[in-house]
Structures are given as C-alpha cells and as structure tokens.
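Remarks on the overall topology
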Amino acid sequence: MKKIILSAVVAASLAGRLYATVAEDSKIFTPFFDMSLNEAAYVPSVGNIFSGGNINTQVGLLTKITQKDQLFGLYNFNYAGPGFTPQDSKQFTDRSLSHSFTFEYRRNITEKLRVRPGVAFTTDYSRSGANEAWKNGLYNMTSSGLQLAADYTFDFERNGIVSLTYLAKSVKFPNYTDLLKEFQDPRNTANVNGGLQDQGIKQVSLRPAWGKWFGGVTYTQQDYKNQKVIGLDGVYSLTDNQKDKTTMLDAGFHHTLWIFELSPMVSYTMHRSNQNFLRYKYFGAVLNPADLSGTSDVTLVAKNYDYNEFTLSVPLYLNITGKWAIGGAVNMTSRKYTDRKKRDENNNYVAGLQKNLMTTMTGSIRKRINETALVQLYYALTVVGSNNKFEKYMPANYTGNTLGLSYQLSY
Amino acid sequence: MKRTILLLTALLCFNGAAFAAIDLESKGMQMLGEVLANPAAFFYDFQQDLEGTTPLPPGKTFGIQTGLFPTTIPLTYLNVSGKLRLHGEGRIAPGVPQLDLIGGYWDMLAAKMATKDSDTIDSAKFGGYYMGAIISASVSPRVRTFWGYKRSVMAAKLAFKAGQEPELLGTTVSSFNTGFKDDFVIAGIETPKGIGKLWSMQLNYGLKTQTFSSKVSWYGKVFELGLNIYPEGVLVIHPVWNMHLNF
C-alpha cells in the first residue's frame, strides 16, 4: 500500500515539475528527455552484500497547436531495484518496473489561467527475491485514470503559480490473491480471494510555487473494491470495505548562493485506514473470539495501519569549479504509529507505540560533463532503528553502507 | 579439463565481484545458481555488449564494429556489427530524422574448440545475431536523441558426454539447450564530450521478456568505452571496450 501512496504522491510532485515544461516560442514541437541511472553496491549489517539501483527514463513531446492550445505526451520508464528501504515497506530484494503514459491537453483560458485535462495509464510489474517472471508478480498492477488541473499565475515576474489538480484512478492487481486465506482454507481459491487489492484512487492537490519556493497539500483516498474490514470481533465485515485516507503537506526550496547549492525539502504525512489487523503470534495460532487482547495468541490491533510520518531531505552541493562539485546530504524518515504497539523479539506486544526512524547521510563527488549531462559517485551510510524488535520477516534495526554511481542526461 | 572451458569462462567473470563480497561462498553459489537457472539470459547480456545501438555520426554513410572486451576477450565471442545510413538528417526535407540500419553476428570460438577437442563435451553452440533500425534527430546543436528497434536472437546449447557430467550445487548437469529472442525498443540521447568525442546514454527494453539494460558510452573515431548496466543480470555492471570505424 505504501507503494501506491508513494507513487500517487510522486505523481503529484512530478506533475509539478512537468507542468513547468514550456514550449519554445519558435517551435511547434518541444521535446522533453530525462534519463537517469543509478547503480550501487549495498552492504547491510543484516544479510549479505547485494547490488541494486534505479533507472528512470522520461520522454515527452509538447506540441503547440495554437498560441492557446498545446498537447503534452509523456512516457515514463522506471525501474526501482533492490536497496535499503524504510521499515514496514518492502524487502531489500523487492523490485519493480513500470511503464506510464500521460497525455495532457493544455488550454490557456486567460493570460493567468490555464486548464489541463488529461489521461494516464500505468503498468507496473513487481518481483521478489525469488526471481519470478515479471508477468507473475503477486503485486503486478495496472491503472488508468483521468486528471483535471488548473494553473493560476499570480506573479509573472517571479514565476508564481498555484495549481489545483484532481486525479481519479482505477487500480487493478490481476495476480493478487490472499495466500494466507488460501493456506488456511484450501476451499478458498483465487476466485474468492482475487481482486482484494483492487481499488479506486481519488486525489486532490493544491500546489503553489513562487520563485525558489514550492510546496503543497495532497489528499489521497483509496477505496478498496473487494477488501473487507476486519471487525473488532476478529471477523471480516460483510458490508464495510477498506478505505484509506492520506494527507500530505510538503514544502521546499532550491537556492544557489555563490558556490553553495541547497535544496531542502520537508513533508508530513498522515495516513488513516479503517482496516484493523489480526496478529497471529506463531504458525498455527488459533483465534479465540472471546479473547483478542494483546496477551492472546491471536490479537486484534485496531487502527494498526494508522501513522504520521515526517521526512526531511537536505542536499547541499559546493560547486568547487564549473564542472566539479562536492555534495553532502541528510535524509530522514520518521514514522510514528498512532495505535500500533511495539513488539519484543518474541512477537509479544509491549507497552508503548511503535516508532521507526531511517537516516541516510550521503557524501558525493559530482562532475558536470556539459549542460545536459552529469555523473556522480557517492557513498551513503544508512542507520535504521525501531522500537519494534520483532524482525523475523523484515529487518527493522540495521545499518547499511552504499557505494554507488549515477548518471543523468536531461534535455 | 577441457569440459570446464565454458564454466571457467563464466566463473572468471564474477571473480571480481566475489572479492568484494562479505560471504564469498554463498554469494558465488547464488550467482552460479542464477546462471544455471537461466543460462541464455546470462550469455545474452554479453551479446548486448557487442551490439552497436547508437546512430552513425552525422555525415557518415556506413560503419563496422567489433566488440573487444568482455566479448572477444575473454569470452571468445568473435563478432562483427555493421551500420548503414539510409537517410541523413534533413536530406529529404528539414526536420526529417536520420535513419540507420544496424545488425551483427557473433559465434563463440571456445564452444567450437570444446566440441572439437573435448572428451567430455558432446556438443556446444553459443551464438547469435541482431538486426534493427535507428532514427536520430537533433534537438539542439549539442544534443541528439535516438530511437530504435532491434530483433535479437541467441542460441545457448551445451551437452556433456554420458558419464562425464559435472556436478554443480549438488546437481548433475548433463545439458542445457536454451535460446533467447526478443524485440527491443531503444531510446537514447547523445551529446558531445569534446571534439570528435561523444557521450551517450540509452535504454534497451525487450517487449516480451522485459529484459532491459542501460548503456552509458563514450566514443571517438576508433574506440568506444562503455558501462553497460543489467540490473536484473548476474553480472550487473559490464565494462565494455569496442572498436569501430565509420566512413
């Protein structure tokens, strides 16, 4: 789920960057090309060394039909490889590969107001460390949706724009099935348990940008089409479907002063879900409807998925020469669950709420090859800690070293 | 001894990576397992190293290329590639992009030698070809984007003589007969690094198998240096050295 929220939020942020793509006056066609590659070796304190990386390719074309009408098409290929991730998200070895298509019509209503209706399609493949074929990924996903956006320019001199965007998406997981349910009762088949992740997403965002500053508020609602809520009696509701709501506030700026280049960003996310969680303490634990307390083998944790998350990113570059720069960055993700108690090593709930913290400090050397290309060599130290000590399936406390190389070409 | 020629060749390739590992043995076993699970994918990554998938420089009509490392040396992939320009950018009309045909062929010399001389290898065939087309268009005086299609085909067959089968990871390997073929789309961008020197970055994506790679290359009049990245491959980073002549 985190992945969907992230992609929805990333889509909102990306939209902010892409809407700024402008047609050159003399041209009918203006291409947009951005290709980045990052490959790194990861050495965690838990588990063996592994390699991973990211590839992102964006290819777009802006077509100026008249002075007031434009068409913008964008294709985005993204590969997110193995890597260190915040706790409770995914395994180191999980990776995904996606193709996204976006088509947008842009119409200038007045000098200050522009509207951007559009459509978007995404196919996302997922793969676990078991190296299954891409087409068989349990979390493979397709989505299609509509967008309606409006941009209002309030300050031409300092490029002050506020954008209001509404997105509606239908998301399907064709391979997903509840493996636990099928295991517990072989009569349950994919026909019954399939489609549990299918959902509709609605998103509204309001994003102002002014000079070097940008920010915004994004509200996302996920309506599950088939996934029922586990009631406080430990039984699936017959009527209530899962519904998740996420509100994110973010702000940042990009500033260059003499040789210093600084681009900090903060965000605060509040995630709320009506879904509850049944914790089976061990394999074969039996549910006792009369006792679902924290000391029983099967425990009901109401609002298990609700959390507040704060992220901070502070990259700083010192441009030593026109070509070379030294960089340093601090990234922090702090998540506090509102109702989920922490667990000890033996999967027992103990007093206190679960808190996760992931901090990454990066040092880098960057070379700008020309106005369109740059290469970067970096080292990062990742420190991950949590008061959740039950780490049988996912590491929650570890340190990691990353040595990587990245390239970027953009036009 | 000769039956191990091919296996040693493969093992030598992840020698470098293994030195960096914390648990050398388990990492090596994991990589060997991945090779055995899908040998064609492993050997195809090296085919991509020798494939010439950048456009001809402006003004050139045809070109020939051969991969030197890691293809000819140490893998004995004898190979030749060619490019032929069908249309120069802007020749027919302003804005009409350059169109090149590309193609190439390779055959593994070690496989032929092993089949001929070995007492243990019954038959071995490693080889492949590719063909396609690339269009390229300048988007500014210093930036050229290119787009392409290629059809890649590869055969990887190896059979040991009865009673001479090696044991790997506790399993006796008697033979494998795998192939690889897919249709790829190519998207890339090229920019000058200096006089007569170019820098490019491209994505190759196989439509059926979802095989993908990212190639970063620096090339001049005769040589090309590159870093080919195969994120899902056994050997993720391939340093590449190719030679080409364009006329």
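Quantities reported herein were computed from a predicted structural model and do not represent experimental measurements.

1. Quick word on the overall build of chain A
Counting its regular elements, chain A contains three helices and 20 strands. On C-alpha atoms alone, chain A measures out to a radius of gyration of 23 Å, which is about the 22 Å that the 2.2 N^0.38 rule sets for 411 residues. Counting only C-alpha atoms and orienting by the principal axes, one finds that chain A spans roughly 75 × 45 × 40 Å. When each of the 411 residues of chain A is scored for burial, the buried share is 29%. In chain A, the share of contacts with a sequence separation of at least 24, taken over all contacts with a separation of at least 6, comes to 57%.

2. A look at the overall build of chain B
The secondary structure content of chain B amounts to five helices and 12 strands. For chain B, whose C-alpha radius of gyration is 19 Å, the value lies close to the compact-globule estimate of 18 Å for 247 residues. Counting only C-alpha atoms and orienting by the principal axes, one finds that chain B spans roughly 65 × 40 × 30 Å. Of the contacts formed within chain B by residues at least 6 apart in sequence, a portion of 58% connects residues at least 24 apart.

3. A few points about the interface of chain B and chain A
Opposite the 26 residues of chain B that make contact, chain A presents 27 residues. Sorting the residues of the side of chain B that touches chain A by element identifies α3 (24-37), β5 (143-160), β8 (175-194), β9 (197-206) and β10 (212-219) of chain B as the ones contributing at least two each. In terms of residue class, the side of chain B that touches chain A is made up of 17 nonpolar, five polar and four charged.

4. Concerning the pairing of strand β7 (residues 160-172) of chain A
Consecutive side chains of a regular strand alternate in pointing toward one face of the sheet and then the other. All names here are of chain A. A one-sided burial pattern is seen for β7, the buried positions being I161, S163, T165, L167, K169 and V171 and the unburied ones G160, V162, L164, Y166, A168, S170 and K172. Sheet topology note: the strand β6 (residues 141-155)/β7 ladder contains 13 bridges and is antiparallel. Pairing of T153 across the sheet is with I161, part of β7. Where β6 hands over to β7, the hairpin turn is made up of four residues, of which N159 adopts a positive phi near 55°. Where β7 lies against strand β8 (residues 199-210), 11 bridges are found, and the strand directions are antiparallel.

5. Brief notes about the nonpolar core
Generally speaking, nonpolar side chains in soluble globular proteins are found buried as a group. Residue and element names in this part refer to chain B. Counting residues in hydrophobic clusters, the biggest one holds 52 residues, and the most contacted among them are A40, F43 and M201. Of the residues forming this core, the biggest block, seven residues, is contributed by helix α4 (residues 39-50). Residues within four places of F43 in sequence aside, it is in contact with F126, M154 and A156.

6. A few points about the environment of E345 of chain A
Residue and element names in this part refer to chain A. Checked against the element boundaries, E345 lands in the loop between β17 (324-343) and β18 (349-368). According to the C-beta neighbour criterion, E345 is exposed, with 10 such atoms within 10 Å. Each C-alpha atom of the pair E345 and N388 lies 8.1 Å from the other, and the pair is 43 residues apart in sequence. Not counting residues within four places of it along the chain, the set of residues in contact with E345 comprises K389 and F390.

7. As for the confidence of the model for chain A
All names here are of chain A. Considering every residue of chain A, the mean pLDDT works out to 90; 90% of them sit at 70 or more. Highest mean pLDDT in chain A belongs to strand β13 (residues 265-273) (98); lowest belongs to helix α1 (residues 2-18) (46). Within the model, pLDDT remains below 50 along residues 1-16, and this stretch shows 21 contacts once partners closer than five positions in the same chain are excluded.

8. Focus: unusual backbone geometry
Geometrically, the link from F69 of chain B to P70 of chain B is a cis peptide bond, its omega value of 0° lying close to zero. Relative to the helices and strands, P70 of chain B resides in the loop between β1 (62-69) and β2 (77-87). For the bond running from I73 of chain B to P74 of chain B, omega is 5°, close enough to zero to count as cis. Mapped onto the fold, P74 of chain B is located in the loop between β1 and β2. Phi is positive for N131 of chain A, close to 60°, though the residue is something other than glycine. By the element assignment, N131 of chain A lies in the loop between β5 (113-127) and β6. Its identity as a non-glycine residue notwithstanding, K303 of chain A has a phi of 55°, on the positive side. In this structure, K303 of chain A sits in the loop between β15 (298-301) and β16 (307-319).

9. So, the environment of G88 of chain B
Residue and element names in this part refer to chain B. Locating G88 in the fold gives a position in the loop between β2 and β3 (98-108). Accessibility expressed as a C-beta count within 10 Å gives 17 for G88, which makes it partly exposed. C-alpha of G88 to C-alpha of R142: the two residues are 54 residues apart in sequence and 17 Å apart in space.

10. A look at the sheet that holds β1 of chain B
Residues and elements named next belong to chain B. Around the barrel, 10 strands lie side by side as β1-β2-β3-β4-β5-β8-β9-β10-β11-β12; this closed barrel has antiparallel pairing. Going across the sheet, the axis of each strand differs from the next one's by a mean of 20°, ignoring polarity. Pairing between β1 and β2: four bridges, direction antiparallel. What sits directly across from Q65, in β2, is S81. Relative to β5, α4 is tilted by about 140°, and along the sheet it contacts β1, β2, β3, β4 (121-140), β5, β8, β9, β10, β11 (223-229) and β12 (237-246). Set on the sheet, helix α5 (residues 109-117) makes contact with β2, β3 and β4; between it and β4 the angle comes to about 170°.

The rules we used
Residues numbered from 1 in each chain as written. Chains lettered and ligands numbered in written order. Predicted model: local features only at pLDDT ≥ 70, side-chain atom pairs only at ≥ 80, totals over all residues. Helix = DSSP H or I, 4+ residues; strand = E, 2+ residues; numbered from the N terminus. Rg over C-alpha atoms; globule rule 2.2 N^0.38 Å. Buried ≥ 20, exposed ≤ 12 C-beta atoms within 10 Å, placed from the backbone. Contact = placed C-beta atoms within 7 Å. Nonpolar A, V, L, I, M, F, W, Y, C, P; charged D, E, K, R; others polar. Pairing = 2+ DSSP bridges. Core = buried A, V, L, I, M, F, W, Y, C linked by C-beta atoms within 7 Å. pLDDT = per-residue confidence, 0-100. Axes fitted to C-alpha atoms, helices over the stretch in contact; angles between N-to-C directions.

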